[in-house]
Amino acid sequence: MSDSTKKVVKRIRINVDKCNGCRGCEVICSASHATPRYSSVNPSRARIRVIRDPLADIYVPVFAGEYTAAECAGRDQYTIDGKEYEECAFCRASCPSRDVFKEPDSGLPLKCDMCESDPTLEEPLCVQWCLADALTFERVEVDAGAGGAAAGVAPEEIDAGLEALAKTYGWSKVIDAVARMSRNGNR
Ligand code: SF4
Ligand code: SF4
């Protein structure tokens, strides 16, 4: 019998030491999220970005996480195995400090969806394309209360999405569209 206090969550484990900076993960992610699907390849639309410093042999794959409206007031510096990393190298947020994890045309924040699809993928595409095994997929059982925030959408994310659309199309068109959709949804 299944334990109702537990749930299964999907997780991608990142091994920074194995990443060689090939950017295959960015390619497949952006292609699979293009409209129509696979019609273009543009890593700036990918939900995973590889922070690269080839001279220092530093490659850090980072997945797009939550949108945040404010940037950090300070920065921490990390030293790991003699290599220097800035805090931003590990950060998953789409934020005002940098351009990553924003849709290039509209400015909409991007977020990894673990390749949501029907039928469900056995493994996310970036994991399948990572020949260096820097990315590995796992399903883990956690307490039902944990990970709730990841499943929901933060109100700031909705605000950011609407603001980006308004910048492109103007508030009146956005408001008209929302009103129309809400009328259709209530029928
Ligand atoms: S899991 Fe899927 S959506 Fe997320 S970064 Fe990888 S390819 Fe992109
Ligand atoms: S596909 Fe794998 S090895 Fe290549 S950049 Fe992405 S995480 Fe690194």
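Definitions and cut-offs
- Residues numbered from 1 in each chain as written.
- Chains lettered and ligands numbered in written order.
- Predicted model: local features only at pLDDT ≥ 70, side-chain atom pairs only at ≥ 80, totals over all residues.
- Helix = DSSP H or I, 4+ residues; strand = E, 2+ residues; numbered from the N terminus.
- Buried ≥ 20, exposed ≤ 12 C-beta atoms within 10 Å, placed from the backbone.
- Contact = placed C-beta atoms within 7 Å.
- Near = placed C-beta within 6 Å.
- Nonpolar A, V, L, I, M, F, W, Y, C, P; charged D, E, K, R; others polar.
- Core = buried A, V, L, I, M, F, W, Y, C linked by C-beta atoms within 7 Å.
- Pairing = 2+ DSSP bridges.
- pLDDT = per-residue confidence, 0-100.

A. Region of the structure containing the overall build of the chain. When helices and strands are counted, the chain shows five helices and six strands. When its helices and strands are written in sequence order, the chain yields β-α-β-β-β-β-α-β-α-α-α. Looking at the chain residue by residue over its 187 residues, the buried ones come to 18%. Across the chain, every contact between residues at least 6 apart in sequence was considered, and the portion connecting residues at least 24 apart equals 63%.

B. Representation of the site of ligand 1 within the structure. In the neighbourhood of ligand 1, the contacting residues comprise Ile 28, Cys 29, Arg 47, Ile 48, Phe 63, Cys 112, Asp 113, Met 114, Cys 115, Pro 124, Leu 125 and Cys 126. When residues of the shell around ligand 1 are traced back to their parent elements, those giving at least two are helix H1 (24-32) and helix H2 (125-129). Of the residues that constitute the shell around ligand 1, the class distribution is 10 nonpolar, no polar and two charged.

C. Quick look at the nonpolar core. Counting 21 residues, the largest nonpolar core has Cys 25, Cys 29, Ile 48, Cys 126, Cys 130 and Leu 135 as its most contacted members. Filtering out sequence-adjacent residues up to four positions away, Cys 130 remains in contact with Gly 24, Cys 25 and Leu 135.

D. A look at the site of ligand 2. Contacts to ligand 2 come from 15 residues, most closely from Cys 19, Cys 22, Cys 25, Cys 130 and Ala 132. Residue assignment for the shell around ligand 2 shows that the elements contributing at least two residues are H1 and strand S3 (58-63). Within the shell around ligand 2, the residues separate by chemical class into 11 nonpolar, three polar and one charged.

E. Structural view of the environment of Gly 74. Along the polypeptide, Gly 74 turns up in the loop between S3 and strand S4 (77-80). Accessibility expressed as a C-beta count within 10 Å gives 5 for Gly 74, which makes it exposed. The spatial distance from the C-alpha of Gly 74 to the C-alpha of Glu 87 is 9.5 Å, given a sequence separation of 13 residues.

F. Representation of the pairing of S3 in the model. Of the strand pairs in this sheet, strand S2 (residues 48-53) and S3 are connected by six bridges, and their pairing is antiparallel. Note that in S3 the partner of Asp 53 across the bridge is Ile 58. Between S2 and S3, which pair antiparallel in sequence order, lie four residues; one of them, Asp 57, sits at a positive phi of approximately 60°.

G. Here's a closer look at the confidence of the model for the chain. With 83% of its residues at a pLDDT of 70 or more, the chain has an overall mean of 86. Low pLDDT, under 50, characterises residues 147-151; the stretch is placed with two contacts to residues that sit more than four places away or in other chains.

H. Quick peek at the environment of Tyr 85. By the secondary structure assignment, Tyr 85 is in strand S5 (residues 83-86). Sequence spacing of Tyr 85 and Val 60 is 25 residues, and the spatial spacing of their C-alpha atoms is 9.5 Å. Not counting residues within four places of it along the chain, the set of residues in contact with Tyr 85 comprises Ile 58, Tyr 78, Ile 80 and Phe 90.

I. A look at H1. Buried within H1 are the following residues: Cys 25, Glu 26, Ile 28, Cys 29 and Ser 30. Taken together, the buried residues of H1 touch S2, S3, H2 and strand S6 (135-143).

J. Region of interest: unusual backbone geometry. Residue Pro 36 is bonded to the preceding Thr 35 through a cis peptide linkage, with omega at -10°. Relative to the helices and strands, Pro 36 is located in the loop between H1 and S2. Cis geometry marks the peptide bond from Asp 118 to Pro 119, where omega comes out at 5°. By the secondary structure assignment, Pro 119 is in the loop between S5 and H2. A positive phi angle, near 50°, is found at Asp 81, a position not held by glycine.

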